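Breakdown of the fold
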2 protein chains.
Amino acid sequence: MPSPDFVVRAPYVVTCDDAMTVIEDGAVAVRDGIVAAVGPAGAVPSDGAELIEAAGRILMPGLVNMHCHAGDSLFRGLVENLPLEPWLETVWKAERAILDPAACRLGAELGLAELLLSGVTTVMDMFWFPEETVRAAKALGIRVATGGIFFDPPGMDGHLADRRLADAAAFFDAVEDEPLVFPGCLPHGTYTVSPEHLRSAGRLARSRGGFFSTHAAETVAEQATVTGRYGRRVIAHLAEHDLLGPDVVLAHCVHLDAAEIGLLAASGTHVVHNPLSNLKLASGFAPVPALLRAGVNVALGTDGAISGNDLDLWLAMRLAATLHKAVTGDAAAVATHEALAMATKNGARALGASDRIGSIEAGKAADFILVAIDKPHAAPLFDPVAHLVYSAGRGDVTDVFVAGRRLVESGRLLTADVAALVAGVNALRPAIAAAIA
Amino acid sequence: MPSPDFVVRAPYVVTCDDAMTVIEDGAVAVRDGIVAAVGPAGAVPSDGAELIEAAGRILMPGLVNMHCHAGDSLFRGLVENLPLEPWLETVWKAERAILDPAACRLGAELGLAELLLSGVTTVMDMFWFPEETVRAAKALGIRVATGGIFFDPPGMDGHLADRRLADAAAFFDAVEDEPLVFPGCLPHGTYTVSPEHLRSAGRLARSRGGFFSTHAAETVAEQATVTGRYGRRVIAHLAEHDLLGPDVVLAHCVHLDAAEIGLLAASGTHVVHNPLSNLKLASGFAPVPALLRAGVNVALGTDGAISGNDLDLWLAMRLAATLHKAVTGDAAAVATHEALAMATKNGARALGASDRIGSIEAGKAADFILVAIDKPHAAPLFDPVAHLVYSAGRGDVTDVFVAGRRLVESGRLLTADVAALVAGVNALRPAIAAAIA
């Protein structure tokens, strides 16, 4: 084996491989952005390469956030304490006034910086001007899954619905050689996009080998609208238009009946659970234990910062592990290893990228993070997996590597000037506030 | 006005007074551990006293955690992924093997250090050997509300039930001159303590001007046990024995009927909502919006680290603000100012200490914290209250003051050697693990 570029040693390496292997006093060797070796420290020699001693920290895969609208971070906390409908109307008013390409780039940088600092190394993002999201992701060094938006009403970009297919196709061309980008098609939802446009988006995604992702079954109102309009519930409607399958990622899936869970399982469709968004927007409780029992792959998402109000996948993981215990009355519902898998390898699987990301295994990308365990809330440490799920948080992430490149060091983002970014966003406040005045 | 000892200036002072006043570019002057003045920076001169510039931070009252078992932090993460009953049996086995006074002191130091680092300045704690909790609290500088435990079965301290009243009375004597201690009586619950002993505890607490706190209506099983044994539901049982009132603090109150909510409201009894514990132990969802509507004072708690697995009151606040939206289907349920009040002044009120703590007002104790707003998840900042409730977290707390004494500075606890504490606790791991082997 050729010498690695560098080796990281840590008291625990939580691999998130299929056996959820935890290596005490472990090490990971990295060469050309790939994990060259992982194992007990003694079995992973540094051969004179740089040795990073991650004392007092867990080494684990970077988190995979499978549903986000990073650019919406610009509207974080703008309106609160209203029922859903007037709240949404107000937020949309601000979006329509503010969202040009430059604002979307700024919002994306803000959201992606937050994600990296909290240990997310791959994010699926649905937002206007996705090419701006790609620019922000490249500048920061994070992996991003995104692509063309489909939305029948006039969008923030002023484009008409019939132009969207061309935009989406152009996106695939534009990112063909971008190693950090997973391209796909992201129609908004079955209640906002016609069956014809949904089908076009699906055909385009499949013809280009990309993913297809949409909001599905988030609210009772959405189910009622779709059922009223098409005579079928949301998941059946997607099935009718050939929009289920192992290349399909459905965000939310809160309101499902047994037949819909069966359709998702039989088709290998992936579900993204966004527990905090579902709580704050009063959407309800996704049937996660039933989905897991049916064999559906469930990943995790933060949703956007207007329904959060932050992009904290640690909180999503904690809620995924606890919320369903109270809902089902079963304190054993959703085990620790299941919750950790949702935040890591299940996301990779939903992206069709299990061979590259989501776990620390030789031959996969060197996307990993260091999580401090030297604070009171980490002691005693009996089980690193339980600790990560039930006690760790974004504030514990000290270092982040994507493809072997260190993007966060000792809590500092190396690829952006965070102070300038925060100041730049706050400088937009008057304009945003004026938009809803 | 005499010169202050020091003045802190911050871009926002969130006072948590009754009007939830937020002062932009504010300052707080401290003299003899008391807030001498609070207002716009220009109106609070430092008069040559030390000036602390809290740039990029919010100054707010220290958090008040009204239900905790700090010593139980020793068993954090020891057992997971079991149904409630076998899980509890295993944890209790470990507790019985480990909990002597020295272990309780260590566990209390661990838990209280975690609390201080996260911005909690007052905690109500129920645990064995409460005098050890007091020693730990004095060493660290945190305010603690605690006192004698009542439990009919043999306790961890080997004392019989009939000795507990004398122990509890001795506790009041022992802490008479401790300025940071709120003494009370803390029977475990109505299903573990006989009516006679509950009554004795209540009489003792009232005769000494202390609080009475117990677990109440946490689970369906508890309601069934109490109803089966006494022919009354839990809150009615407490009322029957004169154990409701403005000096009574009931932890949990998850399973209440309308009559019980009426009894709580009419008596001025305080409720402590512990949302994360209620989720993880599969207890259910407390009827917080109904309690608020009825006029009941609702405070927040973390519960212990075996049902958490940490002591994060920020998470409790976030859940208090979001969980009930999904339960009720109303996105306006529990407003931001209500959630922030639960984490601060409502706790002070439950302790009968509204004149001293819970908000930043002249004449009250200088218990306050600084919360960073210079990170991506704090931008843009439209409303500091919404930010604190929906986006801030324990990782943002940089400084903590209790009675004007700085206990945490730039994230470092000044009153304990955290590294030694964490190492000391981890050294106990083999003994704890052996206890359940």
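Residues numbered from 1 in each chain as written. Chains lettered and ligands numbered in written order. Predicted model: local features only at pLDDT ≥ 70, side-chain atom pairs only at ≥ 80, totals over all residues. Heavy atoms only, no water.

**Focus on the overall build of chain A**
The condition that has to hold: The way it works is that DSSP assigns letters per residue, a run of H or I at least four long becomes a helix, a run of E at least two long becomes a strand, and they are numbered from the N terminus. Using C-alpha atoms as the atom set, the radius of gyration is obtained and then compared with a globule rule of 2.2 Å times the number of residues to the power 0.38. Any residue under 20% of the maximum accessible area for its type is buried, any over 50% is exposed, and the rest in between are partly exposed; the area is computed with a 1.4 Å probe on protein chains only. For accessible areas, the Shrake-Rupley method is used with a probe of radius 1.4 Å. Any residue's cover is judged against the shown protein chains and nothing else.
Looking only at helices and strands, chain A features 16 helices and 17 strands. A compact globule built from 437 residues should have a C-alpha radius of gyration of about 22 Å, and chain A, at 21 Å, falls within 12% of that. C-alpha atoms of chain A, sized along the principal axes, occupy 65 × 45 × 45 Å. Split into buried and exposed, the 437 residues of chain A put 65% on the buried side. Roughly 13900 Å² of accessible area belongs to chain A as shown, and the carbon and sulfur atoms make up 54% of that amount.

**Section: the domain arrangement of chain A**
All names here are of chain A. Heads up, the condition is: What fixes the domain bounds is an automatic or database domain assignment. Working rule for contacts: check all heavy atoms of both residues, and any pair within 4.5 Å makes them a contact. Note: buried area is the sum, over both parts, of the accessible area (probe 1.4 Å) each one loses when the two are combined.
Considered domain by domain, chain A is made up of domain 1 (6–61 + 362–413) and domain 2 (63–350). A separation of 28 Å is found between the C-alpha centroids of domain 1 and domain 2. Counting from both sides, the interface comprises 31 residues of domain 1 and, opposite them, 30 residues of domain 2. Carbon and sulfur atoms make up 67% of the surface buried where domain 1 meets domain 2, a total of about 2300 Å² over both sides. It is Val389, Tyr390 and Arg394 that lose the most area in domain 1 upon contact with domain 2, and together they represent 29% of the buried surface on that side.

**Concerning helix α15 (residues 418–427) of chain B**
Residues and elements named next belong to chain B. This is how the line gets drawn: Comment: arc refers to directions from the helix axis out to C-beta atoms. For the purposes of these results, a polar contact is taken to be a pair of N or O atoms within 3.5 Å, where, inside protein, one atom must be able to donate a hydrogen and its partner to accept one; residues adjacent in sequence count only when each atom of the pair is a side-chain atom.
Listed in full, the buried residues belonging to α15 are Val418, Leu421, Val422, Val425 and Asn426. End-on, the buried residues of α15 take up no more than an arc of 130 degrees, which puts them together on one face. Facing away from the buried side of α15, by more than 90 degrees, are the exposed residues Ala419 and Ala427. Of the surrounding elements, those touching the buried residues of α15 are α2 (101–117), β17 (412–413) and α16 (429–435). A side-chain oxygen of the first residue of α15 lies 3.3 Å from the backbone nitrogen of alanine 419; this N-cap is aspartate 417.

**What to know about the interface of chain A and chain B**
Cut-off, in case you're wondering: Definition used for salt bridges: Asp or Glu carboxyl oxygen within 4 Å of a side-chain nitrogen of Lys or Arg.
Each partner contributes residues to the interface: chain A has 64 residues there, and chain B has 64 residues. In this assembly, chain A packs against chain B so that about 4800 Å² is buried in total across both faces, 66% of it on carbon and sulfur atoms. The tally of links from chain A across to chain B stands at four salt bridges. A salt bridge links B:Asp396 to A:Arg394; the shortest N-O distance between them is 3.8 Å. Here chain A and chain B share 23 residue pairs in polar contact (both at pLDDT 80 or more) between them.

**A word on the side chain of A:Ser213**
Residues and elements named next belong to chain A. Of note, serine 213 is situated in strand β10 (residues 211–216). A polar side-chain atom of serine 213 sits 2.8 Å from the main-chain carbonyl oxygen of valine 249. Setting aside residues up to four positions removed in sequence, serine 213 forms contacts with Met124, Met126, Cys185, Leu186, Pro187 and Val249.

**What about the confidence of the model for chain A?**
Note the threshold: You can read pLDDT as the predictor saying how much it trusts each residue, on a scale of 0 to 100.
Averaged over every residue, the pLDDT of chain A is 96; the share at 70 or more is 100%. Reported confidences for the modelled complex are a pTM of 0.98 and an ipTM of 0.97.

**Digging into the pattern of salt bridges**
Applying the stated criterion to the full structure yields 50 salt bridges over all chains. The partner of B:Arg206 in a salt bridge is B:Asp247, and the shortest N-O contact between them spans 2.7 Å. Separated by 41 residues along the polypeptide, B:Arg206 in helix α5 (residues 195–207) and B:Asp247 in the loop between α7 (234–240) and β11 (248–252) bring together distant segments of the chain. Each of A:Asp310, A:Asp312, A:Arg394, B:Arg318, B:Lys375 and B:Asp396 takes part in one network of salt bridges that share partners.

**What to know about the side chain of A:Asp72**
Just so we agree on the cut-off: Charged-residue counts in this description rest on Lys and Arg as positive and Asp and Glu as negative, His and the chain ends being excluded.
For A:Asp72, the location among the structural elements is in the loop between β6 (63–68) and α1 (84–98). An unpaired buried charge is present at A:Asp72: no salt bridge exists, and A:Arg76, the closest side chain of opposite charge, is 11 Å distant.

**Comments concerning the environment of B:Ala170**
Summarising the element assignment, B:Ala170 is placed in helix α4 (residues 164–174). Along the sequence, B:Ala170 and B:Leu323 sit 153 residues apart, while their C-alpha atoms lie 41 Å from each other.

**Overview of the packing of α2(B) against helix α3 (residues 130–140) of chain B**
All names here are of chain B. Under the convention used in this document: Orientation is described by axes fitted as lines to C-alpha atoms, over the contacting stretch for helices, and by angles from 0 to 180 degrees between their N-to-C directions. Throughout, the term roughly parallel applies to angles under 35 degrees, roughly antiparallel to angles over 145, roughly perpendicular to angles from 65 to 115, and oblique to all others. Throughout, a crossing is termed right-handed when the near helix is turned clockwise from the far one, and left-handed when it is turned anticlockwise from it by less than a right angle. By the convention adopted, Pro, Cys, Tyr, Trp, Phe, Met, Ile, Leu, Val and Ala count as nonpolar, Lys, Arg, Asp and Glu as charged, and the other residues, Gly among them, as polar.
The interhelical angle for the contact between α2 and α3, taken along N-to-C directions, is 40 degrees, at an axis separation of 8 Å. By the angle between their directions, the pair α2 and α3 is classed as oblique. Here the hand of the crossing between α2 and α3 comes out right-handed. Within the contact between the two elements, α2 uses Pro101, Cys104, Arg105, Ala108, Glu109, Leu112, Ala113 and Leu116 and α3 uses Glu132, Thr133, Arg135, Ala136, Ala137, Ala139 and Leu140. Residues that form the contact of α2 with α3 fall into these classes: 10 nonpolar, one polar and four charged.

**Looking at the nonpolar core**
All names here are of chain B. Note the cut-off: For our purposes a nonpolar core is just a set of buried Ala, Val, Leu, Ile, Met, Phe, Trp, Tyr and Cys residues, chained together by side-chain atoms within 4.5 Å.
Counting 133 residues, the largest nonpolar core has Met60, Ile235, Leu264, Trp314 and Leu340 as the members making the most contacts within it. The element contributing the most residues to this core is α2, with nine residues. Three or more residues apiece are contributed to this core by two domains, here domain 1 (6–61 + 362–413) and domain 2 (63–350). Setting aside its immediate chain neighbours within four residues, leucine 340 contacts Val14, Cys16, Met20, Met60, Met317, Val385, Leu388 and Val389.

**Observations concerning the relation of the copies chain A and chain B**
We count it as follows: For this overlay, a least-squares fit was computed on C-alpha atoms, restricted to residues scoring pLDDT of at least 70 in both copies.
Superposing chain A onto chain B takes a rotation of 180 degrees plus a shift of 0.0 Å along the axis, which leaves an RMSD of 0.0 Å. Classification of the inter-copy transformation places it as that of a two-fold axis. Across chain A, the rotation axis passes nearest the C-alpha of A:Gly395, at a separation of 2.3 Å. Interface overlap between copies is the fraction of interface residues in one copy that are interface residues in the other; for chain A against chain B it reaches 100%, indicating a shared surface.

**Observations regarding the sheet that holds strand β9 (residues 181–187) of chain A**
All names here are of chain A. Basically, it comes down to this: When DSSP finds at least two bridges between two strands, those strands are taken to pair.
Within the open sheet, the eight strands sit side by side as β6-β7-β8-β9-β10-β11-β12-β13. Their pairing is parallel. Edge positions in the open sheet fall to β6 and β13 (298–300), since each of these has one partner strand only. Shown here is a sheet whose adjacent strand axes are inclined to one another by a mean of 25 degrees, direction ignored. With three bridges joining them, strand β12 (residues 270–273) and β13 adopt parallel strand pairing. Considered in β13, the bridge of valine 272 is made with alanine 299. On top of the sheet, helix α4 (residues 164–174) reaches β8 (143–150) and β9; it is set at about 160 degrees to β8, its chief contact.

**Concerning the sheet that holds β11(B)**
All names here are of chain B. The sheet built from eight strands is open, its strands ordered β6-β7-β8-β9-β10-β11-β12-β13 with parallel pairing. Each edge of the open sheet carries a strand with a single partner, namely β6 (63–68) and β13 (298–300). Strand-to-strand twist across the sheet, computed as the mean angle between neighbouring axes with direction ignored, equals 25 degrees. The sheet contact formed by strand β9 (residues 181–187) and strand β10 (residues 211–216) spans two bridges and is parallel. Bridge pairing in β10 places glycine 184 opposite phenylalanine 211.

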